[in-house]
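Next come the chains, spelled out residue by residue.
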Amino acid sequence: MNNDFTPMTEDEIHHITLTWLKERGVTLDAVAELVYILQHTYFPDITLSECLEHVQQVLTKREVQNAVMTGIQLDRLAEQRLIKEPLLDIIRRDEGLYGIDETLATAILNVYGSIGMTNFGYIDRVKPLILSRLNNHQGSDIHTFLDDIVGAIAAAAAARLSHNRKHQQEAPNPVMHTPFNDNFLFFGQKPH
């Protein structure tokens, strides 16, 4: 078997993820607005800039990038009618009992713990702002996977923000505690 494929770098995959989101009409600012909706009740002093920072950090995770790329490709294939029936019809209609779109979104939620799942459940039910547009099922665009993926990114970013704020509030000594930064030490691992 001849395999002339050269794997993409992490930076290239990150760039493609952001590009594909933008091509589908999803801006990071729009996702940050969802984070704000999820967290401003708990942290009235948060800003959209802080929310955006957490969205950007969530999108650096490979698990998130993989879910985004997979979901967007499935939506595109459905738009091009390159998926066989009856699955095509199920995806095009975003059938309520399908659930695979939400299952794919949980790959994003699992990165930041159970609070992400709670946030996602709420935002998936309410569908505010950009989620309403993505979920409207009008026209030829299909966003069966994308609306859940965007909601999951926002829910994960809200969880990340919440974890970070909690660490900041509980830190009696800044030398002993650092904000949540996605870098964990595992048993037996030495800090660098």
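One can find the structure itself at the top, above this paragraph.
Remember, it's a predicted structure, so these values are computed and weren't measured experimentally.

K.L.:
Looking at this model, I keep getting lost on helix α2 (residues 28-39). Mind explaining?
P.N.:
Along an α-helix, residues three or four apart share an orientation, since each turn contains 3.6 residues. Across its 12 residues, α2 extends 16 Å between first and last C-alpha, which sits within 8% of the 16 Å expected from 1.5 Å per residue. Every buried residue of α2 is accounted for by A30, V31, A32, L34, V35, L38 and Q39. Along its buried surface, α2 packs onto α3 (48-58), α7 (114-126), α8 (130-134) and α9 (146-170).

K.L.:
Can you help me understand unusual backbone geometry in this one?
P.N.:
Across the junction of E85 and P86, the peptide omega takes the value 5°, indicating a cis bond. The phi torsion at R81 lies on the positive side, around 60°, for a residue other than glycine. Considering the arrangement of structural elements, one finds R81 in the loop between α4 (62-79) and α5 (87-93).

K.L.:
Help me understand the side chain of H54, please; the structure alone is not making it clear to me.
P.N.:
Mapped onto the elements of the fold, H54 is located in helix α3. The exposure class of H54 is buried, given its relative accessible area of 1%. Ignoring any residue separated from it by four or fewer positions in sequence, one finds H54 in contact with A157, R160, L161 and N164.

K.L.:
Looking at this structure, how should I read the environment of Q57?
P.N.:
Note that Q57 resides in helix α3. Judged by relative accessible area, which is 32%, Q57 ranks as partly exposed. It is 8.9 Å that separates the C-alpha atoms of Q57 and R160, two residues lying 103 residues apart in sequence.

K.L.:
Before we go on, may I ask you to explain the nonpolar core in this structure?
P.N.:
Among soluble globular proteins, nonpolar side chains are generally buried collectively. Core analysis: the biggest nonpolar cluster contains 52 residues, and V26, V35, V55, V68, I108, V150 and I153 have the highest contact counts within it. Among the elements that line this core, the one with the most residues is α9, at 12 residues. Those residues in contact with V68, other than ones at most four positions away along the chain, are T17, L21, L59, I149 and I153.

Scoring rules and cut-offs
Residues numbered from 1 in each chain as written. Predicted model: local features only at pLDDT ≥ 70, side-chain atom pairs only at ≥ 80, totals over all residues. Heavy atoms only, no water. Helix = DSSP H or I, 4+ residues; strand = E, 2+ residues; numbered from the N terminus. Expected span 1.5 Å × (residues − 1). Buried < 20%, exposed > 50% of the residue type's maximum accessible area, 1.4 Å probe, protein only. Contact = heavy atoms within 4.5 Å. Core = buried A, V, L, I, M, F, W, Y, C linked by side-chain atoms within 4.5 Å.

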